[in-house]
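Summary of structural features
Now for the letters of each chain:
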Amino acid sequence: MRYVRQLAPQDQALAASLVGFVPGEIYDIHTHPHHPDHFAPGTWKMLEGMGPQGCEEHRLALQRIMPAKIIHGLYFGLPHQSADRPAINTWVESEVRQHGTRLSRALLLASPADDPAQVAAALRSGKFCGLKVYHVYSRRTDTMNATIEEFAPDWMWELLHEVRGVMLLHLVRDGAMEDASNQRSLRRLCRAYPNAQLILAHIARSFNYRNARHGLRWVADLDNAVVDTSAICESEAFRAALKILGPRRVLWGSDFAVSEIRGRCVATGDSFFWLHPEVLRPDYAAPTATRMTLVGLESLLCLREACEDSGLTAGDIEDIFRHNALRLLAPHLPKVAAPSPQSSAP
Ligand SMILES: [Zn+2]
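Overview of the structure. This one's a predicted model, so the numbers in the text were calculated from it and none came from an experiment.

So, how was this worked out
- Residues numbered from 1 in each chain as written.
- Predicted model: local features only at pLDDT ≥ 70, side-chain atom pairs only at ≥ 80, totals over all residues.
- Heavy atoms only, no water.
- 1 Å grid on protein atoms, 1.4 Å probe; cavity = no way out; pocket = protein on both sides within 12 Å on 5 of 7 lines; lining within 4 Å.
- Points joined across faces, edges and corners; volume = space filled by probe spheres on them.
- Helix = DSSP H or I, 4+ residues; strand = E, 2+ residues; numbered from the N terminus.
- Nonpolar A, V, L, I, M, F, W, Y, C, P; charged D, E, K, R; others polar.
- Contact = heavy atoms within 4.5 Å.
- Donors = N, O, S within 2.8 Å, 3.2 Å for Na, K, Ca; no water.
- Buried < 20%, exposed > 50% of the residue type's maximum accessible area, 1.4 Å probe, protein only.
- Lys, Arg positive; Asp, Glu negative; His and termini not counted.
- Salt bridge = Lys/Arg side-chain N within 4 Å of Asp/Glu carboxyl O.
- Phe/Tyr/Trp six-rings, centres within 6.5 Å; stacked < 30°, edge-to-face > 60°.
- Axes fitted to C-alpha atoms, helices over the stretch in contact; angles between N-to-C directions.
- Left-handed = near helix turned anticlockwise from the far one by under 90°.
- Core = buried A, V, L, I, M, F, W, Y, C linked by side-chain atoms within 4.5 Å.
- Pairing = 2+ DSSP bridges.
- Right-handed = clockwise from strand over helix to strand, strands pointing away.

With that settled, consider the layout of surface pockets. For the largest pocket, the calculated volume is near 610 Å³. Contributing to the lining of the largest pocket are 24 residues, with Trp44, Tyr134, His170, Asp255 and Val258 lying nearest its centre. At the level of secondary structure, the elements contributing two or more residues to the lining of the largest pocket comprise α8 (201-205) and β11 (271-275). Of the residues in the lining of the largest pocket, the class split is 13 nonpolar, seven polar and four charged. Together, 17 residues line the second largest pocket, and Gln197, Asn324, Arg327, Leu328 and Ala330 are the ones closest to its centre. Counted by class, the lining of the second largest pocket contains eight nonpolar, three polar and six charged residues.

A word on the environment of Gly215. Counting through the fold element by element, Gly215 comes out in helix α9 (residues 209-215). Each C-alpha atom of the pair Gly215 and Arg173 lies 13 Å from the other, and the pair is 42 residues apart in sequence. Non-local contacts of Gly215, meaning those with residues more than four positions away in its chain, are made with Met177 and Glu178.

Within the protein, His30 (NE2), His32 (NE2) and Asp255 (OD) serve as the donor atoms for the zinc ion, at 2.1 to 2.2 Å. Written as a sequence motif, the donor residues of the zinc ion are H-x1-H-x222-D. With a relative accessible area of 1%, His30 lands in the buried category. Assessed through its relative accessible area of 5%, His32 is described here as buried.

Of note, Arg105 is situated in strand β3 (residues 105-106). For the buried residue Arg105, which engages in no salt bridge, the nearest side chain bearing the opposite charge is Glu93, 9.5 Å off. Each residue touching Arg105, except ones within four places of it in the same chain, is listed here: Tyr27, Gly73, Leu74, Tyr75, Val96, Cys129, His332, Leu333 and Pro334.

It is worth spelling out the packing of aromatic side chains at this point. With the rule as written, the count across this model stands at six aromatic pairs. Ring geometry for Phe207 and Phe272: centres 5.3 Å apart, planes at 55°, overall tilted. Taken together, the residues span a long stretch of sequence, with Phe207 in the loop between α8 and α9 and Phe272 in strand β11 at a distance of 65 residues. The class of Phe207 is buried, set by a relative accessible area of 7%. Here a set of aromatic residues connected by ring pairs shows up, and it is made of Phe21, Trp252 and Phe321.

Let us look at the packing of helix α12 (residues 295-309) against helix α13 (residues 314-328). How two helices pack is summed up by the angle between their axes together with the distance between the axes. Following both chains from N to C, one finds α12 and α13 inclined at 145°, their axes separated by 11 Å at the closest point. Between α12 and α13 lies a crossing whose hand is right-handed. On α13, the residues that touch Leu300, Leu303 and Cys307 of α12 are Ile317, Ile320 and Phe321. Residue composition of the contact of α12 with α13, grouped by class: six nonpolar, no polar and no charged.

Next up on the list: the nonpolar core. In terms of nonpolar packing, the biggest core is built from 102 residues, with Trp157, Leu169, Leu216 and Phe321 touching the most fellow members. A total of eight residues in this core trace back to one element, the largest contributor, which is α12. Excluding residues that lie within four positions of it along the chain, Leu216 makes contacts with Met177, Ile203, Ala204, Asn211, Val227, Ala240, Ala241, Ile244 and Leu245. Residues Leu74, Ile199, Val226 and Leu326 belong to the second largest nonpolar core, which totals 19 residues.

Inspection of the entire model under this criterion finds two cavities of 30 Å³ or more. As a volume, the largest cavity reaches approximately 40 Å³. Along its surface, the largest cavity is lined by Leu62, Ile65, Ala231, Trp252, Gly253, Ser254, Ser259, Gly296, Ser299 and Leu300. Residue assignment for the lining of the largest cavity shows that the elements contributing at least two residues are α2 (55-65) and α12. Of all the elements, α12 adds the most residues to the lining of the largest cavity, at three residues. Each residue belonging to the lining of the largest cavity can be placed in one class, and the counts come to five nonpolar, five polar and no charged.

For the rest of this paragraph, the subject is the pairing of strand β2 (residues 70-75). With five of six residues buried, β2 lies mostly within the body of the structure. Here strand β1 (residues 25-31) runs beside β2; their pairing, made up of five bridges, is parallel. In the sheet register, Asp28 faces β2, and the bridge partner there is Gly73. Pairing geometry for β2 and β3, over two bridges, is parallel. If you follow Tyr75 over to β3, its bridge partner there is Ala106. Handedness of the β-α-β unit built from β2, helix α3 (residues 85-99) and β3 comes out right-handed.

This part is about the pairing of β11. Across five bridges, the pairing between strand β10 (residues 264-268) and β11 is antiparallel. Of the residues in β11, the one forming a bridge with Ala267 is Phe272. Counted between consecutive antiparallel strands, the loop separating β10 from β11 contains two residues, among which Gly269 sits at a positive phi close to 55°.

Following this line, the structure appears as structure tokens:
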């Protein structure tokens, strides 16, 4: 899979069809800037041969696939075991400060092996409004089976509770929210640290929409847990989130630069599978020959279908694309930015 540098006419037509759905000003709650210097060569095949992808590149890329004029972002590095994490964090923070919009913010990419005092200092400094955690930093070889505490230990939650910070968490373990260990951990941690604001990436990793249908009820009563839409390509997962959590707890995210590759993720049985042009037709030189579109575009089309099917109002859609993010990040934003808790108007 490769970052799509040039949209095909069919991609442009699909992007144009989103006029009237995507608001003019949006907040991307899940986006990864990337600098090639921070990774071993060949770490990210999709970004091979590309220069740094910062805030400006992020906005320009998204504006190809969606009709938004102003794009704020919550930015954090791409997690990888071999990556230079301190360099990533320093660069992301300066990138957001220099090139992000007034309301854009950064998360610190954090590992359980980090010195809690240093993480505390980074959060208290106001340079970062929360933590991005990831299973690859857990201390086991089969990290896809890591429990939440193995990569997001209590000390991180304690700090986020103190600063009213955000945790961006991508669940692992088969079943995601259907997994009993994930359910137990999240219910305990969200209740023990109620000022920490949890974002469960990818509709609580419901790449198989059945996980959303059956598992999201386990976080329905946790007020400090929300989901982001990033990289989900099945409207059923969105419909389940809108029904079980409601539009106030669903936040739009792109997962840039994953949003810029062709493909989609599909449910199969109790699992899921990423389809890309290269998987479907390895013999084809031109990925557009399959007519697969960009992940980000596919995700937006599915989200629109789910919003239509769920009877959402224009106000609900503004909530998903911006107001929910502003409410969530309110402790870290200028006072005027946040919409009132009651109304959907800013
Ligand atoms: Zn991501």
